[in-house]
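Chain by chain, the residues:
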Amino acid sequence: MDYYYDILLNFQDVYCMFYEWDENDYLEYIKKIPLYHVDSKTFNDFYLNKVKVSLEFLKEILNKTKLKQNNSLKYACIISDGKNSLGVEFNDEGILQYKSSLILDDELNINEFMFNISISNITYEVLSKDVSSKYTRQEEKVKNLIRVEIKDIYAKKNYSKLKYIYLEWFRELKCDYEKMYQEMLDKLEGDLTEREYTIYELIKLSYNNV
């Protein structure tokens with residue numbers, strides 16, 4: 001079995017690139033992790049889908065990933081097709097649960113190392129297409145905070161605050177609270193503008209002043 005050493009991984013249920021890692025993410029400082037060279041079809045299946053690997057493969061990688069805290073990740077490894085690399089972690093049933101991108105230097109090193117490793121045939125099945133978003137994690141964070149806030153305001157019938165946010169957002173007022181509420185929710189389904197970021201900062205500021 002081949003291994004890669006001294007790497008930082010950020011396992012998430014929704015894949016994100018390393019430049020989107022957040023300071024609040026729980027990063028894994030890994031001393032040693034199994035490394036597999038796979039063909040491009042296998043890599044793309046793992047990257048784009050929720051897959052389930054065989055129990056034999058799980059046994060092969062069981063507790064082979066060693067952390068710097070001297071404990072282990074039960075079922076984890078890195079796969080690479082020589083062009084792209086991906087950290088993957090499975091549950092006890094063999095279902096791919098978490099994925100991690102790699103810091104650029106590690107990805108380049110691993111992709112180069114693949115020339116010296118034979119391709120492995122991992123037995124797996126594709127279960128479903130993975131959930132993905134066209135928006136970055138920061139954009140989703142902005143959308144979610146605003147969405148949660150206006151839903152909470154509306155549920156509590158705090159219409160004065162609803163009107164205030166709507167006015168700051170759209171620079172106008174309507175008499176119908178339901179229409180204002182729905183228009184704000186609908187706006188969050190599209191691309192963000194400077195107005196949404198302004199509302200985001202306004203909401204954060206209101207919490208800081210509590």
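**Student:** Even after reading the chapter, I still don't get the packing of aromatic side chains, so can you show me in this structure?
**Tutor:** Centre-to-centre distance and the angle between the planes together describe a pair of aromatic rings. Taken as a whole and assessed by the stated rule, the structure comprises 12 aromatic pairs. On the numbers, 6.4 Å between centres and 65 degrees between planes, the contact of Tyr-154 with Tyr-159 is edge-to-face. Put simply, the rings of Tyr-36, Phe-46, Phe-57, Phe-90 and Tyr-124 pair up and form one aromatic cluster. One cation-aromatic arrangement involves Lys-32 over Tyr-3; the distance from NZ or CZ to the ring centre is 4.4 Å.

**Student:** Quick question: what am I supposed to make of helix α5 (residues 159-170) here?
**Tutor:** Residue pairs three or four apart in sequence face the same way in an α-helix, which turns once every 3.6 residues. The end-to-end C-alpha distance of α5 is 16 Å, a good match for the 16 Å that 12 residues give at a rise of 1.5 Å each. Every buried residue belonging to α5 is among Leu-162, Ile-165, Tyr-166, Trp-169 and Phe-170, and all of these are buried. In an axial view of α5, the angular spread of the buried residues amounts to 105 degrees, which keeps them on one side of the axis. Two residues or fewer past α5, Arg-171 is found with a positive phi of approximately 60 degrees.

**Student:** Can you help me understand a nonpolar patch on the surface in this one?
**Tutor:** A grouping of Ile-103, Leu-104 and Leu-108 is seen on the molecular surface, where their side chains present a nonpolar patch of about 250 Å² in accessible area. Tracing the sequence through the fold places Leu-104 in helix α3 (residues 104-113).

**Student:** Help me understand the state of the cysteines, please; the structure alone is not making it clear to me.
**Tutor:** Here a disulfide denotes one covalent bond, and it connects the sulfur atoms of two cysteines. For the structure shown, the criterion picks out 0 disulfides. Lacking any disulfide linkage, Cys-77 is separated from the closest cysteine sulfur, that of Cys-16, by 18 Å. By relative accessible area, which is 0% here, Cys-77 ends up buried.

**Student:** Please clarify how the side chain of Asp-45 should be interpreted in this entry.
**Tutor:** Within the secondary structure, Asp-45 is located in helix α1 (residues 40-48). Looking at Asp-45, the relative accessible area reads 12%, which means it is buried.

Rules used throughout
Residues numbered from 1 in each chain as written. Predicted model: local features only at pLDDT ≥ 70, side-chain atom pairs only at ≥ 80, totals over all residues. Heavy atoms only, no water. Phe/Tyr/Trp six-rings, centres within 6.5 Å; stacked < 30°, edge-to-face > 60°. Lys NZ or Arg CZ within 6 Å of the ring centre and 35° of its normal. Helix = DSSP H or I, 4+ residues; strand = E, 2+ residues; numbered from the N terminus. Expected span 1.5 Å × (residues − 1). Buried < 20%, exposed > 50% of the residue type's maximum accessible area, 1.4 Å probe, protein only. Arc of directions from axis to C-beta. Patch = residues over 30% accessible without salt bridge, like charges linked within 9 Å, V, L, I, M, F, W, Y side chains within 5 Å. Areas by Shrake-Rupley, 256 points an atom, 1.4 Å probe, with all protein chains shown as cover. Salt bridge = Lys/Arg side-chain N within 4 Å of Asp/Glu carboxyl O. Disulfide = S-S within 2.5 Å.

Without other data, these values stay purely geometric and don't point to any function.
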